[in-house]
Amino acid sequence: MFVSVPLQGHLLPLIPFAAACRDAGHDVLLAAGEFPPGTLGLRTADVGAGFDLQRAALATTVRNLRLSVAEMRGTAGTALVGEIFGRANRALLEPLTALARRERPDVIVYEPLSEAGAVVAGRLSIPSVLQENTLWPADQLFRSVTASRSFAGLAAPAPALTISVMPPSLRPDAIAGAVTMRPVPSSGGGELPGWLSAPGDRPRVLVSRSTLSGPAPGDPSAAVVAAASSVDAEFVLVRGKIKGKLPANVRPVGRIPIAEALPFAAGFVHHAGAGSVLGGLAAGVPQLVTPGPGDRTHNATVLAASGAGLSVPAKSITADVLTRLLTDATIAAAAGDLAAEIAAMPSPADVVPSVEALV
């Protein structure tokens, strides 16, 4: 059983490993909610009816005003997110427990902000696996959630196995005892238009935004559109919300499997979400990201420090910045090096035996 909070950005990174377990002959169930259009044919169960992230965030913010200000600046680390998701996870406990008692899983795999999975594994006396899906160390997020006020009195056993998806060069201090696994992008469905499955006449830049709404969502689309006509490139707005007439070199599309379009892109502009950063790194595409609340500033800092991309506030995106993204050879070289490093990491199929060994 794979457990995620009912947020697509959290669930999608689990799907490739879940599919690898299924392909190895195991019965696999995704326990989450608000599922994307495509889940690679995996069985799903909705346990998120009572999950309300906005309510949990509001209640937590009121009790932690100073920390909330730091969170909006992207400087709160994992302290506030642990409190928010600790509170939000409480709504998953009973439906997840009922589901697990019906399904009788041998192992529960959960993402770093779904510690309800750890609690339920403890209740059933079965091993659990913590699968990383962010650039924050998974064990650090585990400690933040399980130490939150809302988890007081709950038994959340430590995972029997932790899977890390960070390229080793980006995290010199590895998680003790963790196995590494290649981050495989998952976009949750959508059709790729034929014109996006081949190189264009000009360098192509994909522009994406967060699947979450809320304060400072970090959508770079408006700034990119404003500068696009002065850049010799083709810009593709994925799920863009721009109204009015677009420049001739800007094309909007709906939901697409971005991972399939990235090999033909010369640049990737987005909100610095962990899944987008890791997907861009895996494809070896230079990235331009906008720092912001939560983990976005951390992700943007890690990316910029790697040399494989630029961290620029949305309001500061100009034609010169976009041109640098497409022409700076040092960024392209760093992106290529990281893609090669990721390709050499164990695949999800390679990691399946490590989970099998727990049973």
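First, a word on scope: everything that follows refers to the structure included in this document.

1. Focus: the overall build of the chain
Here is step 1: Helices and strands together make up the secondary structure of the chain, namely 14 helices and 13 strands.
Here is step 2: Its C-alpha atoms give the chain a radius of gyration of 20 Å, near enough to 21 Å, the size a compact globule of 359 residues would have.
Here is step 3: Seen through its C-alpha atoms, the chain measures out along the principal axes to roughly 60 × 45 × 40 Å.
Here is step 4: With the model as given, the accessible surface of the chain reaches about 14,900 Å², and the carbon-plus-sulfur share is 54%.
Here is step 5: Across the chain, the centroid of the 28 positively charged side chains sits 9 Å from that of the 28 negatively charged ones.

2. Some details on the packing of aromatic side chains
Here is step 1: Counting across every chain of the model gives 1 aromatic pair.
Here is step 2: Positioned above the aromatic ring of Trp195, the side-chain terminus of Arg251 is 3.6 Å from the ring centre.

3. Some words on the packing of helix α5 (residues 79-103) against helix α7 (residues 138-146)
Here is step 1: Axis separation between α5 and α7 bottoms out at 7 Å; the angle between their running directions is 60°. In terms of orientation, α5 lies oblique with respect to α7. As α5 packs across α7, the resulting crossing turns out to be right-handed. Counted together, Val81, Gly82, Phe85 and Gly86 of α5 and Leu141, Ser144 and Val145 of α7 form the full contact between these two elements.

Reading the values: rules and limits
Residues numbered from 1 in each chain as written. Predicted model: local features only at pLDDT ≥ 70, side-chain atom pairs only at ≥ 80, totals over all residues. Heavy atoms only, no water. Helix = DSSP H or I, 4+ residues; strand = E, 2+ residues; numbered from the N terminus. Rg over C-alpha atoms; globule rule 2.2 N^0.38 Å. Areas by Shrake-Rupley, 256 points an atom, 1.4 Å probe, with all protein chains shown as cover. Lys, Arg positive; Asp, Glu negative; His and termini not counted. Charge placed at Lys NZ, Arg CZ, Asp CG, Glu CD. Phe/Tyr/Trp six-rings, centres within 6.5 Å; stacked < 30°, edge-to-face > 60°. Lys NZ or Arg CZ within 6 Å of the ring centre and 35° of its normal. Axes fitted to C-alpha atoms, helices over the stretch in contact; angles between N-to-C directions. Parallel < 35°, antiparallel > 145°, perpendicular 65-115°, else oblique. Left-handed = near helix turned anticlockwise from the far one by under 90°. Contact = heavy atoms within 4.5 Å.

Function cannot be inferred from these measures alone, as they are strictly geometric.
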